[in-house]
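# Observations on the three-dimensional arrangement
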Amino acid sequence: MNRTFWIMDYETITNCFIAVFEAYDRDERKVFVINRDRNDAAAFIKFLDECIVSDSWHFGYNNIAFDAQITQYILVNREAILKGTSDEVTMLIAQYAGTVINKSRNNEFHDFREEDFSIKVIDIFKLNHWDNPAKRSSLKWIQYSLDWKNVQEMPHKHTEPVLTNEILDNVVSYCINDVASTKNIFNYKDENDVEVMKEQIRLRSELSKQYGINLYSASEPRISKEMFLHFLSERLNQEKRTIRGYRTSRSRIQISDILLPYIEFHTPEFKAMFNWFKNLGVDIREENTSDTESKGPKYTMHYKGVETVYGLGGLHGCAKPGIYEATDDMILVTADVTSFYPNLAIRNKWSPAHIKNDVFCELYEWFFEERKKYPKGSTLNYLFKIILNSTYGLSKNIYSFLYDPMFTFRITINGQLLLSMLYEMVITRIPNSVAIMQNTDGCEFLIPKEYKGVFEQICKEWEVMTSLELEVDEYKKMIISDVNNYIAMYKKEGKEPKCKGRFEFSNLALHKNKSYQVVPKALYAYFVKGVEPKEYLESNRNIYDYCAGSKIKGDWHFVERKVIDGCYIENHLQNLVRYYISKHGVKIIKCSSDGREIQLESGKWMQSLFNVFQEKDWDTYDIDESFYLDKIYREIAKIEESNPLINSNKQLTLF
């Protein structure tokens, strides 16, 4: 057997074991079954041995914590597997699978470490950090995100025996579908036709070989941690295991102790905000600094019609919803700080307290300068970007050797205040300027065109004062719902508009919910291209764009409820549902064991399940376009009708 990269998946049932493999780069499939009527144990172990000899790899979804554990168990216990009856073998495997699952649920170490595996693996689940609570995604959810034709869940309970050939065929088909969809993830291309997963695997392969660290299934935060650790170990001339034990724990931080000495404000509103920070003390939740940061104290400042909220993690401020557009007399400018968080640490010589400032900042700056040497999109540019962006996050992770909440808050709080200084400088020194938005690392303003030079001078003064760099650009228009949901259209021709939040639809991260993509696409067509929503919907005949996805966990479950001959009929549904809004459908209800019920779409709207793709004439789908138009027009109305700069003819006028 030649070296092959196999996409794989197992199903372990009380009296049945199924293994499916598909070649990564060609149409070749292998299916192994062990049950009462078929015993492929010998052929399966022979295949595994061939994989070992040929240095073949197994690619899977969550396979490090499950499938690879089963593989290694079978190899270690090959004699018992080969000698046992089908019932004995399937029972052994099913019992061990239960043990593996329980260890995962209890956060216990598995029997086999990655370095123990006889066959090398890549785990797409871990690689994409879909095991992180904030991004946690099942294979079914990723199937939904990629518009996979079949997102049906396992058609048979793992705890119940397979008793008929029909059930066996259904389970085998289910496993084949999972393998095919996993293969689709590995071969995923974004809208720019970039082979995203292949590039990610190539990066991890190069790093693993160059630095002797197994990073094949590593998430970006883990790559950052391992690479920073590698270089820090060299600089400190200390063993990695020693550095891994480093932490700086704190019970309380007085914010006045960490403020930069040159921060100063001149208007009453900004002074009051600054005094709030100077008087603030923060009790640290050791178990989760991120939680302290996001749920900690807040301060709200109202300044010239704009509300800005400050906290421990960042600031967010935005003008009223509306369309803000450059004119012959006014320009719409944006200023973002280049690599804001890394450069705050580098320029101010900050580091976690347990690491010397000069060593940490020298290394951190080296990463920053090295990145500049490589073109955007290159492997090494991406590597150093990961390290730069993830290091701040590691400082608030109690399990990281960079953990020091004071370092975290030095960055987030001083960053807010420095950006606010720029905000105040522009608004107070440029007559008739209008603050549009302030966010974590940048600001947007409308300013008179004649003051463009003054704006540039203010930016330069700020850069000299802070030793940071600003990236300044111009928009021709911003369509704003709120600080997290907007479209920004660049003045430069050919530069694609920036879409955020509810307006985002291009290259959306796969763990995010892409429900009703037709809505942001229609809004984009309306605001950017001038296409009326009804006209856009008539042109979009992609059924997936009309679909939504929902998933449940815990003691909740889905049911569909419909009326037949005057009686309510209720059917239980799987834990993930894909559906669209139809004129004649059912009601999908999320139900709790305590009797609570939540309609997925409240009111009159009906749903049609679409877990399995069905190709039909468009009218046969029975789509209720009024639902989608209602969503689209509500968003348009929020922006247009509340905009203080739009007159009754909905044309932008200033002052």
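Residues numbered from 1 in each chain as written. Predicted model: local features only at pLDDT ≥ 70, side-chain atom pairs only at ≥ 80, totals over all residues. Heavy atoms only, no water.

### Details of the overall build of the protein chain
Let me state the cut-off plainly: Helix and strand assignments come from DSSP, with helices taken as H or I runs of at least 4 residues and strands as E runs of at least 2, each series counted from the N terminus. In this treatment the radius of gyration is a C-alpha quantity, and the globule benchmark scales as 2.2 Å times the residue count to the 0.38 power. Remark: exposure states derive from per-residue accessible area (1.4 Å probe, protein chains only) relative to the maximum for the residue type, with buried under 20%, exposed over 50%, and partly exposed in between. Residue contacts are counted whenever heavy atoms from the two residues lie within 4.5 Å of one another. The Shrake-Rupley method, run with a 1.4 Å probe, gives the accessible areas here. Residue values count only the displayed protein chains as cover. For the charge count, each Lys or Arg is scored as positive and each Asp or Glu as negative, with His and the chain ends excluded. Note that the charge is assigned to NZ on lysines, CZ on arginines, CG on aspartates and CD on glutamates.
Within the protein chain one finds 20 helices and 25 strands. For the protein chain, the C-alpha radius of gyration of 28 Å lies close to 26 Å, the compact-globule estimate for 655 residues. Over its C-alpha atoms, taken along the principal directions, the protein chain stretches across nearly 85 × 75 × 50 Å. A burial count over the protein chain gives 53% of its 655 residues as buried. The contacts of the protein chain with a sequence gap of at least 6 include a subset with a gap of at least 24, amounting to 66%. Of the roughly 30,600 Å² that the protein chain leaves accessible, carbon and sulfur atoms contribute 47%. One finds the centroid of the 84 positive side-chain charges in the protein chain at a distance of 3 Å from the centroid of its 93 negative side-chain charges.

### Some words on the packing of helix 2 (residues 67-76) against helix 4 (residues 86-105)
The cut-off we apply is this: Interaxial angle, 0 to 180 degrees, is taken between N-to-C directions of lines fitted to C-alpha atoms, where a helix line uses only the stretch in contact. With respect to orientation, any angle under 35 degrees is reported as roughly parallel, any angle over 145 as roughly antiparallel, any angle of 65 to 115 as roughly perpendicular, and every other angle as oblique. In this scheme, a crossing is called left-handed if the near helix is turned counterclockwise away from the far one by less than a right angle; it is called right-handed if the turn is clockwise. Under the scheme applied, nonpolar residues are Ala, Val, Leu, Ile, Met, Phe, Trp, Tyr, Cys and Pro; charged residues are Asp, Glu, Lys and Arg; polar residues are all the others, including Gly.
Across the interface, helix 2 lies against helix 4 with an axial gap of 10 Å and an inter-helix angle of 135°. Here helix 4 runs oblique to helix 2, going by the angle between their axes. In this structure, the crossing between helix 2 and helix 4 has a hand that is right-handed. For the pair helix 2 and helix 4, contact is made by Gln69, Ile70, Tyr73 and Ile74 and by Leu92, Ile93, Tyr96, Ala97 and Val100, respectively. Of the residues contributing to the contact of helix 2 with helix 4, the split by class is eight nonpolar, one polar and no charged.

### A look at the packing of aromatic side chains
The cut-off we apply is this: Aromatic rings from Phe, Tyr and Trp, taking only the six-membered ring of Trp, are treated as a pair when their centres fall within 6.5 Å; an angle between ring planes under 30 degrees marks them as stacked, one over 60 as edge-to-face, and anything in between as tilted. Two limits define a charge over a ring: the Lys NZ or Arg CZ must be within 6 Å of the ring centre, and within 35 degrees of the ring normal.
As enumerated under the stated definition, the model contains 61 aromatic pairs in all. Residues Tyr10 and Phe21 carry aromatic rings whose centres are separated by 6.2 Å and whose planes lie at 70° to one another, so their mutual orientation is edge-to-face. A residue pair is termed long-range when its members are at least 10 positions apart, and Tyr10 in strand 1 (residues 5-13) and Phe21 in strand 2 (residues 16-23) qualify at eleven residues. Residue classification places Tyr10 among the buried positions, given a relative accessible area of 2%. With a centroid separation of 5.5 Å and 75° between ring planes, the pair formed by Tyr24 and Phe59 is classed as edge-to-face. Note that Tyr24 is positioned in the loop between strand 2 and strand 3 (29-35) and Phe59 in strand 5 (residues 57-60), a separation of 35 residues in sequence. For Phe59, a relative accessible area of 3% gives the class buried. Put simply, the rings of Tyr516, Tyr544, Tyr546, Tyr580, Trp605, Phe610, Phe613, Trp618, Tyr621, Phe627 and Tyr628 pair up and form one aromatic cluster. The ring of Trp6 has Arg26 sitting right over it, with the charged end atom 5.8 Å from the ring centre.

### Points about helix 15 (residues 379-394)
In an α-helix, one turn spans 3.6 residues, which is why side chains three or four residues apart end up on the same side. Note the threshold: How far a helix is expected to stretch is found by multiplying one less than its residue total by 1.5 Å.
An ideal rise of 1.5 Å per residue puts 22 Å on 16 residues; helix 15 measures up with 22 Å between its terminal C-alpha atoms. All of the buried residues along helix 15 are Asn381, Leu383, Phe384, Ile386, Ile387, Leu388, Ser390, Thr391, Tyr392 and Leu394.

### A few points about the sheet that holds strand 22 (residues 576-582)
Note the following rule: Two strands pair under a simple rule: DSSP has to find at least two bridges between them.
Pairing in this open sheet of three strands is antiparallel, and the strands run 19-22-25 from one edge to the other. The sheet is open, and its two borders are formed by strand 19 (547-551) and strand 25 (606-609), each paired with just one other strand. The mean angle between the axes of side-by-side strands here comes to 45°, regardless of whether they run parallel or antiparallel. Pairing between strand 22 and strand 25: four bridges, direction antiparallel.

### Topic: the nonpolar core
Nonpolar side chains in soluble globular proteins generally cluster together in the buried interior. Rules: The definition of a nonpolar core used throughout is a set of buried Ala, Val, Leu, Ile, Met, Phe, Trp, Tyr and Cys residues joined through side-chain atoms within 4.5 Å.
Among the nonpolar cores identified, the biggest contains 103 residues, and Phe228 and Phe445 are the most heavily contacted of them. In terms of residue count, the dominant contributor to this core is helix 16 (residues 405-429) (14 residues). Not counting residues within four places of it along the chain, the set of residues in contact with Phe445 comprises Ile331, Leu332, Val333, Tyr423, Val426, Ile427, Val434, Ala435, Ile436 and Phe455. Ranked by size, the runner-up nonpolar core spans 45 residues in total, among them Phe503, Val519, Val586 and Tyr628.

### Comments concerning the pattern of salt bridges
What counts is decided by this rule: Should a side-chain nitrogen of Lys or Arg be within 4 Å of a carboxyl oxygen of Asp or Glu, the pair is scored as a salt bridge.
All chains considered together, the criterion is met by 40 salt bridges. The salt bridge partner of Glu22 is Arg29, with a shortest N-O separation of 3.0 Å. Of the charged contacts, one joins Glu461 and Arg429 as a salt bridge, the two residues approaching to 2.8 Å between their closest N and O atoms. A residue pair is termed long-range when its members are at least 10 positions apart, and Glu461 in helix 17 (residues 452-466) and Arg429 in helix 16 qualify at 32 residues.

### Here's the deal with the sheet that holds strand 21 (residues 567-572)
With antiparallel pairing, the four strands of this open sheet are ordered in space as 21-20-23-24. Either end of the sheet is taken by a strand with one partner, and the two such strands are strand 21 and strand 24 (597-599). Shown here is a sheet whose adjacent strand axes are inclined to one another by a mean of 35°, direction ignored. Alignment of strand 20 (residues 556-564) against strand 21, held across six bridges, turns out to be antiparallel. Bridge pairing in strand 21 places Arg561 opposite Glu570.

### Let's talk about the environment of Gln599
Under the convention used in this document: Think of a polar contact as two N or O atoms within 3.5 Å of one another; within protein, one of them needs to be a possible hydrogen donor and the other a possible acceptor, and neighboring residues in sequence only count if both atoms come from side chains.
Here Gln599 is to be found in strand 24. Linking Gln599 and Leu422, residues 177 residues apart in sequence, is a C-alpha distance of 46 Å. Filtering out sequence-adjacent residues up to four positions away, Gln599 remains in contact with Lys587, Ile588 and Ile589. One polar contact links Gln599 to Lys587, side chain to side chain, over a distance of 2.8 Å.

### Section: the packing of helix 16 against helix 17
Helix 17 packs onto helix 16 with a crossing angle of 150° between their chain directions and a minimal axis gap of 10 Å. Put simply, helix 16 runs roughly antiparallel to helix 17. As for the relative orientation of helix 16 and helix 17, their crossing is right-handed in sense. Residue-level contacts link Leu418, Leu419, Met421, Leu422, Met425, Val426 and Arg429 of helix 16 to Phe455, Ile458, Glu461, Trp462, Met465 and Thr466 of helix 17.

### Side note on the side chain of Glu424
Among the structural elements, Glu424 can be located in helix 16. Buried charged residue Glu424 carries no salt bridge. Nearest counter-charge: Lys271, at 7.8 Å. Within the local environment of Glu424, its side chain forms a polar contact with the backbone nitrogen of His266, the two atoms lying 2.9 Å apart.

### Digging into the pairing of strand 14 (residues 434-439)
The element strand 14 is extensively covered by neighbouring structure, given that five of its six residues are classed as buried. By the bridge criterion, two bridges tie strand 11 (residues 316-318) to strand 14 in an arrangement that is antiparallel. In the strand pairing of strand 14, Gly317 is matched with Gln438. Where strand 14 folds back onto strand 15 (residues 442-448) in an antiparallel hairpin, the turn is made up of two residues.

### As for unusual backbone geometry
Excluding glycine, residues mostly carry a negative phi; peptide bonds, for their part, are mostly trans. Backbone geometry places Asp55, a non-glycine residue, at a positive phi of 55°. One can find Asp55 in the loop between helix 1 (41-53) and strand 5. Judged by its relative accessible area of 28%, Asp55 is partly exposed. The phi dihedral of Asn507 falls on the positive side, at around 55°, and the residue is not glycine.

### Let's talk about the side chain of Lys183
As for its position among the elements, Lys183 is in helix 7 (residues 165-186). Polar side-chain contacts of Lys183 include one of 3.0 Å to the backbone oxygen of Arg26. In this structure Lys183 touches Ile7, Glu22, Ala23, Tyr24, Arg26 and Asp27, once residues within four positions along its chain are discounted.

Keep in mind that these numbers describe shape and distance, not what the molecule does.
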